[in-house]
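A look at the structure
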Amino acid sequence: MRRPVILAAVVWLLCSAAIASARQVTVPLYGRFETQVAHDGAYANPFQDVVLDATFSAPSGRKVAFFGFYDGDGKGGQHGNVWKLRFMPDEAGEWSYTCCFSNGASAAGGRFVCVKDGARPGPLHVDGTHFVHPDRRMFQPRSYYYSEAFCGDWTAASQGIETFFHTTGGFNWCCTTFWQGPLLASHKWNALPFNGFYPIRGDDYTVLDLGSWRHVDEVLDELEKRDVVWFNFDGFVPNVGGTMSSMQRLDFDAQKIYIRNAVARLAPYWNVTWNVAFEWQEFMKAEQVAQLVDYVHAIDPWKRPVTVHDQGKFTSAEEVMKNLHVDFVTLQYDAGRCGDALKAAAFVSPFAGKCPVYAHEVTWEGPDKLDGDGVRRGAWGVAMAGGIVNYAEQFDQVYGNGDGFRYVAILLDLVDSLPWDRMEPRNDLVGPGHLCFALEGEAYVVYAPAGGPVALDLTNAKGRFKAMRLDAETGERRILGEGGDDSEVMGGAKRLFTFHKGSESCFYLVRETPQVVRIDP
């Protein structure tokens, strides 16, 4: 008689387990967990009056403190009772979390499972002079200044993301404006129709415009799908384009409110980097920059690198890092007007060798900037000094239509084909007026802005090298031997390569690995 009761209990347990399994939330490694909590209450400013604090427990037992953000109606509407909590798990296995409001109101808790299937690349960190992912894989930026990704008409902007960061450009680092949409439109500097994007409401730095921030999610989702890292040119504190008063803009308490809300929303995206401000020296002191950098370091549990644009009065990477507390250097040269390879290399060199050096505003194309030839030459100088090239088509130009677009792609394709992360500037191996980037004994790139004979010192190199000439304008590659013939190039001495004087020339050498012949017994 008890068999039906036992059977029913078994069925109930199986159904309960099935329901629990169906409800189990899974998140890929370095993906994004998100939940929301309803909280009713009257607040003059919900962005600052109450905070949703959380503690996440990793599978290893490690505790991670983070925080949520006010999100209006949860759909981009400015008013409502929705707070959201996002998190990026960095360990596979089951996570748990608890959260509560700073005013004592209860919130929620729960669990989710982090799986390795569909794992994302993970946030960038600095390793010496390069960026790496958590698994130590190097990330070599191919940077494009797609200025209006946020503030341009979304139909056109989203198509641009597909084109420049996937099908055509192959760029993996997207630099954008964030505060300057109204400014671009008022000066008619915009290539896309302005969509009204602006991150705050009116002139109050502590009140986020939630419709605009919902659009931020759309843009970052599209970039994330293509493994593209986002760099915010304007940073947290705008130099131009901001409507708040200068007093509030530089008030540390107001800055912290804005930054905390922005970090709560953005830090769980693996593909985000932090920039405090741009052209900071025009309106901030070094001590203020360092204070903001320290704050961002303190509240981001994933400790991704922080920078500020640009180097200001400092003349070396050591000075920048010491005085501003940044993790990598961002450079500006005459608003992007460096079209000379030797000048660009000389400008970047003091900042290279200690940390990643992002030559953000050095070689830009556009009216009152550079033409395509200038971009090409300047970009070569940046790369040969160990800097990260950023290509920009500025001021009402059609994106992807500049001459520099293909020239930069040719250069970056070469970078990707060589062990660039282990190479360094070695101008001592060539004569004056030439640039050399090398891993001695393994790979050499030589750029001669004015052509002419180039003597490359291979005295300390052993074995045979394959030499290729690269046409920096067309991308054509052809075999090049000593003296310009098709012979092999041997190490152990200085070798002379001849080119026409006055003609830009580039060539590279890669050591040939001797073929191993297997003899079967």
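Treat the numbers as computed from the prediction; the structure is a model and nothing was measured.

1. With respect to the overall build of the protein
Helix and strand counts for the protein stand at 12 helices and 31 strands. Dimensions of the protein, computed from the C-alpha atoms along their principal axes, are close to 95 × 75 × 40 Å. Every one of the 521 residues in the protein was classed for burial, and the buried ones make up 54%. Sequence separation of at least 24 residues holds for 71% of the intrachain contacts in the protein that already meet a minimum separation of 6. Of the accessible surface of the protein, which amounts to about 22200 Å², a share of 51% is contributed by carbon and sulfur atoms. Averaging the positions of the 49 positive and the 64 negative side-chain charges in the protein gives two centres separated by 6 Å.

2. Some words on the nonpolar core
Phe56, Tyr146, Phe236, Tyr258, Trp380 and Val445 are the most contacted members of the largest nonpolar core, which totals 152 residues. Contact partners of Trp380, with chain neighbours within four places excluded, come to Leu411, Leu414, Val445, Tyr447, Leu470, Ala472 and Cys506. Counting residues in hydrophobic clusters, the runner-up holds 19 residues, among them Cys436, Val446, Phe465 and Phe497.

3. Looking at helix α8 (residues 286-299)
Counted at 1.5 Å a residue, the expected span for α8 with its 14 residues is 20 Å, and the 20 Å between its end C-alpha atoms agrees. Of all the residues in α8, the buried ones are Ala286, Val289, Ala290, Leu292, Val293, Tyr295, Val296 and Ile299.

4. Comments concerning the sheet that holds strand β9 (residues 125-127)
Pairing is antiparallel across the open sheet formed by three strands, whose spatial order is β9-β10-β11. Two strands close off the open sheet at either side, each with one partner strand: β9 and β11 (138-139). Pairing of β9 with strand β10 (residues 130-132), which is carried by three bridges, proceeds in the antiparallel orientation. Residue Asp127 lies in a different strand from β10, and its bridge partner there is His130.

5. Comments concerning the side chain of His360
Position of His360 relative to the elements: it lies in strand β20 (residues 357-361). We classify His360 as buried; its relative accessible area is 0%. When near neighbours in sequence (up to four residues on either side) are disregarded, His360 contacts Cys175, Phe231, Phe233, His309, Thr330, Leu331 and Asn390.

6. Remarks on helix α12 (residues 403-417)
Compared with the 21 Å implied by 1.5 Å per residue over 15 residues, the 23 Å span of α12 between its first and last C-alpha is a close match. By the burial criterion, the buried members of α12 are Gly404, Phe405, Tyr407, Val408, Ala409, Ile410, Leu411, Leu412, Leu414 and Val415.

7. Examining the environment of Phe347
For Phe347, the position within the fold is in helix α10 (residues 341-348). Phe347 sits in the buried class, given a relative accessible area of 17%. Linking Phe347 and Leu414, residues 67 residues apart in sequence, is a C-alpha distance of 22 Å. Apart from residues lying up to four places away in sequence, Phe347 is in contact with Gln311, Leu331, Gln332, Tyr333 and Val362.

8. Regarding the sheet that holds strand β3 (residues 52-57)
As summarised here, the arrangement of the five strands in space is β1-β8-β7-β3-β4, forming an open sheet in which the pairing is mixed. What marks the edges here is a single partner per strand, and that holds for β1 (26-28) and β4 (63-67). Ignoring which end each strand starts from, the neighbouring axes of this sheet average 30 degrees apart.

9. A short note on the packing of helix α11 (residues 372-384) against α12
At their nearest, the axes of α11 and α12 sit 8 Å apart, and the two run at 25 degrees to each other. Between α11 and α12, the crossing angle belongs to the class labelled roughly parallel. In this structure, α11 crosses over α12, and the sense of that crossing is right-handed. Mapping the contact onto sequence places Gly372, Asp373, Val375, Arg376, Ala379, Trp380 and Ala383 in α11 and Asp403, Gly404, Tyr407, Val408, Leu411 and Leu414 in α12.

10. Topic: the pairing of strand β13 (residues 173-176)
The alternating pattern of β13 places Trp173 and Cys175 on one face and Cys174 and Thr176 on the opposite face, and all of these are buried. Both strand β12 (residues 143-145) and β13 contribute to a ladder of three bridges, which runs parallel. By the bridge assignment for β13, Tyr144 is matched with Cys174. A crossover links β12 with its parallel partner β13, the connecting element being helix α3 (residues 154-167), and its sense is right-handed. Across four bridges, the pairing between β13 and strand β16 (residues 229-232) is parallel. Bridged to Cys174 within β16 is Trp230.

11. Comments concerning the pattern of salt bridges
In the structure shown here, the tally under the stated rule is 33 salt bridges. Asp413 is the partner of Arg142 in a salt bridge, and the nearest nitrogen-oxygen pair spans 3.2 Å. Of this pair, Arg142 sits in the loop between β11 and β12 while Asp413 sits in helix α12, and the two are 271 residues apart along the sequence. The exposure class assigned to Asp413 is partly exposed, which follows from its relative accessible area of 41%. Between Arg265 and Asp217 there is a salt bridge, with its nearest N and O atoms 3.8 Å apart. Placement of Arg265 in helix α7 (residues 252-266) and of Asp217 in helix α5 (residues 210-225) is noted, with a sequence separation of 48 residues between them.

12. Some thoughts on unusual backbone geometry
In this chain, His309 is followed by Asp310 through a cis amide linkage whose omega measures 5 degrees. Within the secondary structure, Asp310 is located in the loop between β18 (306-309) and α9 (317-324). Phi is positive for Tyr30, which is not a glycine, with a value near 65 degrees. By the element assignment, Tyr30 lies in the loop between β1 and β2 (33-38).

13. Quick word on the packing of aromatic side chains
Under the counting rule described, the total for this entry stands at 56 aromatic pairs. For the pair Phe33 and Phe112, a centre-to-centre distance of 4.3 Å together with 15 degrees between the ring planes defines the contact as stacked. Pair noted here: Phe33 is in strand β2 and Phe112 is in strand β8 (residues 106-115), with a separation of 79 residues, a long-range link. Of the two residues, Phe33 and Phe112, both sit in the buried class. An aromatic cluster of at least three residues, connected via ring pairs, comprises Phe33, Phe56, Phe66, Phe67, Phe87, Trp95, Tyr97, Phe112 and Trp302.

Rules used in this analysis
- Residues numbered from 1 in each chain as written.
- Predicted model: local features only at pLDDT ≥ 70, side-chain atom pairs only at ≥ 80, totals over all residues.
- Heavy atoms only, no water.
- Helix = DSSP H or I, 4+ residues; strand = E, 2+ residues; numbered from the N terminus.
- Buried < 20%, exposed > 50% of the residue type's maximum accessible area, 1.4 Å probe, protein only.
- Contact = heavy atoms within 4.5 Å.
- Areas by Shrake-Rupley, 256 points an atom, 1.4 Å probe, with all protein chains shown as cover.
- Lys, Arg positive; Asp, Glu negative; His and termini not counted.
- Charge placed at Lys NZ, Arg CZ, Asp CG, Glu CD.
- Core = buried A, V, L, I, M, F, W, Y, C linked by side-chain atoms within 4.5 Å.
- Expected span 1.5 Å × (residues − 1).
- Pairing = 2+ DSSP bridges.
- Axes fitted to C-alpha atoms, helices over the stretch in contact; angles between N-to-C directions.
- Parallel < 35°, antiparallel > 145°, perpendicular 65-115°, else oblique.
- Left-handed = near helix turned anticlockwise from the far one by under 90°.
- Right-handed = clockwise from strand over helix to strand, strands pointing away.
- Salt bridge = Lys/Arg side-chain N within 4 Å of Asp/Glu carboxyl O.
- Phe/Tyr/Trp six-rings, centres within 6.5 Å; stacked < 30°, edge-to-face > 60°.

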